[in-house]
Amino acid sequence: MTPSTLLSRSLATAVPILAGALMLGGSAPAPQAQTPAAQTVLPGYWEYTTSALGMRDTETKCVRPSEINRFFGGLSTRRWQCTYPVREVGNGNARFEGTCQDPKGRRVNVRLNGPFDAENFRFRGGAQLARGTPYIPASITARRISAQCPANAEYF
């Protein structure tokens, strides 16, 4: 296999893995410091964009009050089970480090950090496909569009 073919296959695998790791959804609870409600994001209608390897994906979801911790602190998808042993949220900044695993047993290391407020967050970081390899740069940016969700909104 040529280096070019190997790189293409790695990137083809990396993009869905990384996008999955950065998208939002349910995750296993992680040890964390207690975070007062005032230091998280608000429920409502949210738009978020993930970016990795030049690929961007934007979605909108309605987030209920009961889903805030999963939305803001999970940073994973329904397909990828993620755990974040490092989860620091406070003073307008957040940092997450952990691993995500898909149903086929593929694992990636993930780390993200950046500023947030009640209606916006911007995290940068990346995913490591194999131990000892560099992290692939990625980001997730989210903004609250409104407090109320449209009637046809997809729920988180």
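Whatever comes next refers back to the structure up there.
### A look at the side chain of Q128
And then number 1: Topologically, Q128 is positioned in strand β6 (residues 120–128).
And then number 2: Q128 sits in the buried class, given a relative accessible area of 10%.
And then number 3: Here the side chain of Q128 touches N109 through a polar contact of 2.7 Å, side chain to side chain.
And then number 4: At 2.7 Å, the side chain of Q128 forms a polar contact with the backbone oxygen of T133.
And then number 5: Residue contacts for Q128: discarding those within four places in its chain leaves V108, N109, T133, P134 and Y135.

### Focus: the state of the cysteines
And then number 1: Tallied over the entire structure, the rule returns one disulfide.
And then number 2: With its sulfur 1.9 Å from that of its partner, C62 forms a disulfide with C149. Its torsion about the S-S bond being 85°, the disulfide of C62 and C149 is classed as right-handed. Residue C62 is located in strand β2 (residues 55–63), and its partner C149 is located in the segment after β7 (136–146); the two are separated by 87 residues in the primary sequence.
And then number 3: Here C62 falls in the buried class, since its relative accessible area comes to 4%.

Criteria and thresholds
Residues numbered from 1 in each chain as written. Predicted model: local features only at pLDDT ≥ 70, side-chain atom pairs only at ≥ 80, totals over all residues. Heavy atoms only, no water. Helix = DSSP H or I, 4+ residues; strand = E, 2+ residues; numbered from the N terminus. Buried < 20%, exposed > 50% of the residue type's maximum accessible area, 1.4 Å probe, protein only. Polar contact = N/O pair within 3.5 Å; in protein donor to acceptor, adjacent residues only side chain to side chain. Contact = heavy atoms within 4.5 Å. Disulfide = S-S within 2.5 Å.

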